[in-house]
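Structural description and commentary
Here are the chains, one letter per residue:
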2 protein chains.
Amino acid sequence: MKAEVVTIGNEILSGDTVDTNSAFIGQKLTELGIQVEWITSVGDRREDIGQAFEAALGRVDLVIVTGGLGPTHDDVTKKVFARLFQKRLVLDEQILERVRTRFQKRGIIMPQINVEQAMVPEGVKLLENRSGTAPGFHLEQGNKHIFLLPGVPKEMRQMLAGGVLPVVKELARGEEICRLTLRTTGISESSLFEKLKGLKEMASVAFLPGYSGVDIRITIRDSRAGERVQAVAQQIRRLAGDFVYGTGKETLEEIIGRQLRESALKLAVAESCTGGLIAHRLTNIPGSSDYFERGVVTYSNESKIQLLGISAETIRRYGAVSAQTAEAMAAGVRKLSGADIGLSITGIAGPTGATPTKPVGLVFISLSTTEETVSKRLQFGDDRLVNKERMSQAALEMLWRKLKVTAKEYQ
Amino acid sequence: MKAEVVTIGNEILSGDTVDTNSAFIGQKLTELGIQVEWITSVGDRREDIGQAFEAALGRVDLVIVTGGLGPTHDDVTKKVFARLFQKRLVLDEQILERVRTRFQKRGIIMPQINVEQAMVPEGVKLLENRSGTAPGFHLEQGNKHIFLLPGVPKEMRQMLAGGVLPVVKELARGEEICRLTLRTTGISESSLFEKLKGLKEMASVAFLPGYSGVDIRITIRDSRAGERVQAVAQQIRRLAGDFVYGTGKETLEEIIGRQLRESALKLAVAESCTGGLIAHRLTNIPGSSDYFERGVVTYSNESKIQLLGISAETIRRYGAVSAQTAEAMAAGVRKLSGADIGLSITGIAGPTGATPTKPVGLVFISLSTTEETVSKRLQFGDDRLVNKERMSQAALEMLWRKLKVTAKEYQ
């Protein structure tokens, strides 16, 4: 089965929006053994959209379209589609009701223009949109399938998973393809590559470096793909397991959440240079209030003294960016909060704040438990936002490693 | 002048690589007043590449191709191109020498396969590649121009700037194109559209909704584009100015930083449901330590009592998610920190934590100054991460509005 993805929107052509939808759809179809052969992007002009539809239907069996389903003047995908397939647009009362309710819930009267969203091509299957107002559509014509989805990535992804993939999976019946991603942190791409030198099936492995670490992706297309992927993953864990924290899309904060929950430990965090990012990441996990007791973002020296009980003398003598201050922060937040573990970070995110002895990117991380308070010095680069990401990841890594040991002790 | 971008590579179709090249090229051409009308991505198959070339040349004057110029078996762009335009591939000694030197410098003997890179279509202009081994090509045929560039973003960008843009700038000769983005917050796309109904030149306006608000982008192509864009922007500000916080890529936290700096005010933040995201956003701005005094992420009731001086009675009586608690948080963090303004937020990010009277998405935001402490109740949806984004934006919006008034009072 061959597929084409058509993405619609002037903002894609002008480069204002990077089209991530087509890559996402490409991935999902590839996983089902369906080959995406073309990706076409056109603007909001009717002729171009019509031409793109016709070209796609002429060369593939499955066409997935995103974008142009909104309520404003430049959203014309539905109209072009209706004309091409000679479908009348009719008002769907149920959709209108749903859109109206969405607005009501937020205490807003529905603007009249949203009635447009409830106009649907006759005789076409509707795909429900649980996060937005525009429904999607599915038309089967001969052996060809065309799906229209909204361009908002979150809505598109939800509808792809709920309304598209189950249908095309049935249609595809193909060679098994199996993929697995192992996520690492605390090691560079080239060091990781060196560690994995002895790996058989290196050809099936890709390295994807990011700010939070390097992902190792294994892809195998074979009748025994599942087994073989597991064998490669096992080999990788044997060679570099100490750096592997999770699989797939798992995040370090998710793993840490699980560790804390299983050990029934509570955490408190004191941040300076990461400015709340560590707390933000930890609290992105549903249910994190069970183990995340509090966070403090002690940007000023006074707040370090007041909220963490650090002595002014420590800061004066060693500086706010020092191992001593980091340790006092971790111990302070732990003691004052009554949590089991205190995690702290203090450093210079940049671009300003450097001193002759303390360059931008310098950071101290500390971890405090009832048994001990330890700290670690690291040096990062000079981009503020990248530094915040990397520093927060390094702090979470330190916590993750500690919790791995703790969990073993409990066994 | 109309353009098409053709990107080549199986990795784009399978979604392993997000195609950022086409967005980058789209931006650069748009800046020169050249309209990109299509973006097409195909894999490494000769027929598809040939078809994509022919389709593009049939509908536009300028075709920019990236990818498939490497030395390996799946790099066939050059071959397809040579056959389509009936050009012989001949060895270019100079390029061969350059490639060989690159390898020598790195102490590696050039693999034989790289000779392939020195084979160039006869009678075609070469584009030098300063960061890689594959040269690019430029062919003029009638009034049509086709450029072949490598797919590696760094090499592509360099060659686009050096070898492509100067040429096409000459060809595009000068209709001016002018763009401006106005950023709004606190209003839905459709309500904004209603407000702007009376707008002349609606055709030049695009609405780009996101979690932090709706961007309004004005694009005008005309000999007086600059003036006309300014006129449209002025009209928009007249109709919906109360919701416009900035232009271009400005963020609300950036604007707030400027407001706080100009008014010489210090800010302290107490967060519950946003879990540190507000502090994270505010501290993303370089130099924010000048006005951001501290943040606290008071997830537990104890931390609210301990760090903010809220009475246990207030929490018991009204609940942690209430106007009363929000106001006590804002006033508490302001007083204890000695900052001029206290901003607080407490709510239910979800998916858990709802009660019969307090649904997921409910949030109270409060702002406290020496004159008054006010609060606001809002209702969002049920996605935790989206809620954190939207809630943080709503809190920053409240602060931004207050600071606008404050600034006026100072005048």
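Residues numbered from 1 in each chain as written. Chains lettered and ligands numbered in written order. Predicted model: local features only at pLDDT ≥ 70, side-chain atom pairs only at ≥ 80, totals over all residues. Heavy atoms only, no water.

Considering the overall build of chain A
Put simply, the rule reads: Helix and strand assignments follow DSSP, with helices taken as H or I runs no shorter than four residues and strands as E runs no shorter than two, numbered in order from the N terminus. Working definition: with a 1.4 Å probe on protein chains only, accessible area under 20% of the residue-type maximum means buried, over 50% means exposed, and in between means partly exposed. Working rule for contacts: check all heavy atoms of both residues, and any pair within 4.5 Å makes them a contact. To be clear on the numbers: accessible area is Shrake-Rupley with a 1.4 Å probe, and residue cover counts the displayed protein chains and nothing else. Here Asp and Glu are counted as negative and Lys and Arg as positive; His is not counted, and neither are the chain ends. The atom standing in for a charge is NZ when the residue is Lys, CZ when it is Arg, CG when it is Asp and CD when it is Glu.
Counting secondary structure elements, chain A contains 14 helices and 17 strands. Each principal axis of the C-alpha atoms in chain A carries an extent, and together these give about 80 × 60 × 45 Å. With 411 residues in all, chain A has 56% of them scored as buried. Nonlocal contacts in chain A, meaning residues at least 24 apart in sequence, comprise 67% of its contacts between residues at least 6 apart. Accessible surface for chain A amounts to roughly 17700 Å². Of this, 49% is attributable to carbon and sulfur atoms. With 54 positive and 49 negative side-chain charges, chain A shows a spacing of 3 Å between the two charge centroids.

Digging into the pattern of salt bridges
Quick note on the threshold: Only one rule defines a salt bridge in this text: a Lys or Arg side-chain nitrogen within 4 Å of an Asp or Glu carboxyl oxygen.
Across all of its chains, the model carries 45 salt bridges over all chains by this definition. A salt bridge links aspartate 383 of chain B to lysine 154 of chain A; the shortest N-O distance between them is 3.4 Å. Here aspartate 383 of chain B, found in the loop between strand E17 (373–379) and helix H14 (384–410), pairs with lysine 154 of chain A, found in helix H6 (residues 153–172), and the two come from separate chains. Classification of aspartate 383 of chain B by relative accessible area gives partly exposed; the value is 25%. One salt bridge connects glutamate 372 of chain B with lysine 402 of chain B, and the closest N-O pair in it is separated by 3.3 Å. Within this pair, whereas glutamate 372 of chain B is found in the loop between strand E16 (362–368) and E17, its partner lysine 402 of chain B is found in helix H14, the two being separated by 30 residues in sequence. The class for glutamate 372 of chain B is partly exposed, based on a relative accessible area of 38%.

A look at the sheet that holds strand E11 (residues 213–221) of chain B
Residues and elements named next belong to chain B. Our working rule: Two strands pair under a simple rule: DSSP has to find at least two bridges between them. Axis geometry follows a simple rule: fit a line to the C-alpha atoms, using only the stretch in contact for helices, then measure angles between N-to-C directions, giving values from 0 to 180 degrees.
Overall, antiparallel pairing links the four strands, which are arranged E10-E11-E9-E12 in an open sheet. Edge positions in the sheet fall to strand E10 (205–210) and strand E12 (244–247), since each has one partner strand and no second. For this sheet, the mean angle separating the axes of adjacent strands, direction not counted, is 25 degrees. Against the sheet, helix H8 (residues 225–240) engages strand E9 (177–184), E10, E11 and E12, with an angle of about 15 degrees to E9.

Digging into the environment of isoleucine 109 of chain A
Counting through the fold element by element, isoleucine 109 of chain A comes out in the loop between helix H5 (93–105) and strand E5 (119–121). Here the alpha-carbon distance between isoleucine 109 of chain A and methionine 391 of chain A, two residues 282 residues apart in the chain, equals 45 Å.

Comments concerning the interface of chain B and chain A
Heads up, the condition is: The quantity reported as buried area is the accessible area (1.4 Å probe) lost by two parts once they are put together, taken as the sum for both. Contacts described as polar in this section are N or O atom pairs within 3.5 Å, which, within protein, must combine one atom able to donate a hydrogen with one able to accept it, while residues neighboring in sequence count only if both atoms come from side chains. Throughout, the ten residues Ala, Val, Leu, Ile, Met, Phe, Trp, Tyr, Cys and Pro are labelled nonpolar, Asp, Glu, Lys and Arg are labelled charged, and all others, Gly among them, are labelled polar.
Opposite the 75 residues of chain B that make contact, chain A presents 73 residues. Here chain B packs against chain A, burying approximately 5700 Å² in sum over the two surfaces, 53% of which is carbon and sulfur. Interface area lost by chain B to chain A is led by Leu13, Trp38 and Tyr299 of chain B, which between them contribute 10%. Counting the contacts that link chain B with chain A gives seven salt bridges. A salt bridge links glutamate 37 of chain B to arginine 45 of chain A, with the shortest nitrogen-to-oxygen separation between them at 3.3 Å. Summed over the shared surface of chain B and chain A, the number is 38 residue pairs in polar contact (both at pLDDT 80 or more). The dominant element in the side of chain B that touches chain A, judged by the number of residues it contributes, is strand E2 (residues 35–42) of chain B, at seven residues. Tallied by class, the residues present in the side of chain B that touches chain A amount to 29 nonpolar, 30 polar and 16 charged. As defined by bridge partners, strand E2 (residues 35–42) of chain A adjoins E2 of chain B across five bridges and the pair is classed as antiparallel. Bridge assignment links valine 42 of chain A to a residue of E2 of chain B, and that residue is tryptophan 38 of chain B.

Comments concerning the packing of aromatic side chains
Filter applied, for reference: The criterion for an aromatic pair is that two Phe, Tyr or Trp rings (for Trp, the six-membered ring) have centres within 6.5 Å, with stacked assigned to planes under 30 degrees apart, edge-to-face to planes over 60 apart and tilted to the rest. A ring is scored as having a charge over it whenever the NZ atom of a lysine or the CZ atom of an arginine sits within 6 Å of its centre and within 35 degrees of its normal.
Counted by the stated rule, this structure contains eight aromatic pairs over all chains. Taking the centre distance of 5.1 Å and the plane angle of 55 degrees together, the rings of phenylalanine 81 of chain B and phenylalanine 85 of chain B count as tilted. The exposure class assigned to phenylalanine 81 of chain B is buried, which follows from its relative accessible area of 0%. Where phenylalanine 193 of chain B meets phenylalanine 207 of chain B, the ring centres are 5.5 Å apart and the plane angle is 75 degrees; that geometry is what we call edge-to-face. Separated by 14 residues along the polypeptide, phenylalanine 193 of chain B in helix H7 (residues 189–195) and phenylalanine 207 of chain B in strand E10 bring together distant segments of the chain. Neither residue differs from the other here; phenylalanine 193 of chain B and phenylalanine 207 of chain B are each classed as buried. In this structure, arginine 59 of chain A packs its charged tip against the face of tryptophan 38 of chain A, placed 3.7 Å from the ring centre.

Considerations on the domain arrangement of chain A
For clarity, the threshold we go by: An automatic or database domain assignment is the source of the domain bounds shown.
For chain A, the assigned domains are domain 1 (2–172), domain 2 (177–247) and domain 3 (252–410). Computed from C-alpha coordinates alone, the two centres of domain 1 of chain A and domain 3 of chain A are separated by 45 Å.

Let's talk about the packing of helix H3 (residues 46–59) of chain B against helix H4 (residues 77–84) of chain B
All names here are of chain B. Our working rule: Geometric relationships in this document are graded by angle, where less than 35 degrees denotes roughly parallel, more than 145 denotes roughly antiparallel, 65 to 115 denotes roughly perpendicular, and other angles denote oblique. By the definition used in this description, the sense in which the near helix is turned from the far one sets the handedness, with an anticlockwise turn below a right angle giving left-handed and a clockwise turn giving right-handed.
At a minimum axis separation of 10 Å, H3 and H4 run at an interaxial angle of 55 degrees. Regarding the angle of H3 to H4, the classification is oblique. When you trace H3 past H4, the crossing you get is right-handed. Listed contacts from H4 to Arg46, Ile49, Gly50, Phe53, Glu54 and Leu57 of H3 are Thr77, Lys79, Val80, Phe81 and Leu84. Grouping the amino acids of the contact of H3 with H4 by side-chain chemistry returns six nonpolar, two polar and three charged.

Topic: helix H13 (residues 323–337) of chain A
All names here are of chain A. Stated precisely, the cut-off is as follows: To estimate the expected span of a helix, subtract one from its residue number and multiply by 1.5 Å.
Between its first and last C-alpha atoms H13 spans 21 Å; for 15 residues at 1.5 Å apiece the expected length is 21 Å, and the two agree. Taken together, the buried positions of H13 are Thr325, Ala326, Met329, Ala330, Ala331, Gly332, Val333, Arg334 and Ser337. Within two residues after H13, glycine 338 carries a phi angle of roughly 75 degrees, on the positive side.

Overview of the confidence of the model for chain A
Test applied: What pLDDT reports is the predictor's confidence in each residue, on a scale of 0 through 100.
Of all residues in chain A, 98% have pLDDT values of 70 or greater, and the mean over the chain is 92. For this predicted complex, the interface confidence score (ipTM) comes to 0.77, while the overall pTM stands at 0.78.

Some thoughts on helix H4 (residues 77–84) of chain A
Restricting attention to buried positions, one finds in H4 of chain A the residues Thr77, Lys78, Val80, Phe81 and Ala82 of chain A. Glutamine 86 of chain A sits one or two residues past H4 of chain A and shows a positive phi near 55 degrees.

Some remarks on the pairing of E2 of chain B
On any regular strand, side chains alternate: one points to one face of the sheet, the next to the other face. All names here are of chain B. The element E2 is largely enclosed, with a buried count of seven among its eight residues. Taken together, the seven bridges between strand E1 (residues 2–8) and E2 define a ladder with parallel strand orientation. Across the sheet, residue lysine 2 finds its bridge partner in E2, namely glutamine 35.

Re the sheet that holds strand E1 (residues 2–8) of chain A
Strands sit in the order E6(A)-E7(A)-E8(A)-E3(A)-E1(A)-E2(A)-E2(B)-E1(B)-E3(B)-E8(B)-E7(B)-E6(B) across an open sheet of 12 strands; the sheet is mixed. Here the strands that pair on one side only, and so sit at the sheet edges, are strand E6 (125–127) of chain A together with strand E6 (125–127) of chain B. Going from strand to strand, the sheet's axes swing by 15 degrees on average, the running direction of each strand aside. Sitting on the sheet, helix H2 (residues 21–31) of chain A touches E1, E2 and strand E3 (62–66) of chain A, and the angle it makes with E3 of chain A is about 150 degrees. The sheet contacts of helix H6 (residues 153–172) of chain B involve strand E3 (62–66), E6, strand E7 (136–141) and strand E8 (144–149) of chain B, and relative to E8 of chain B the element is tilted by about 170 degrees.

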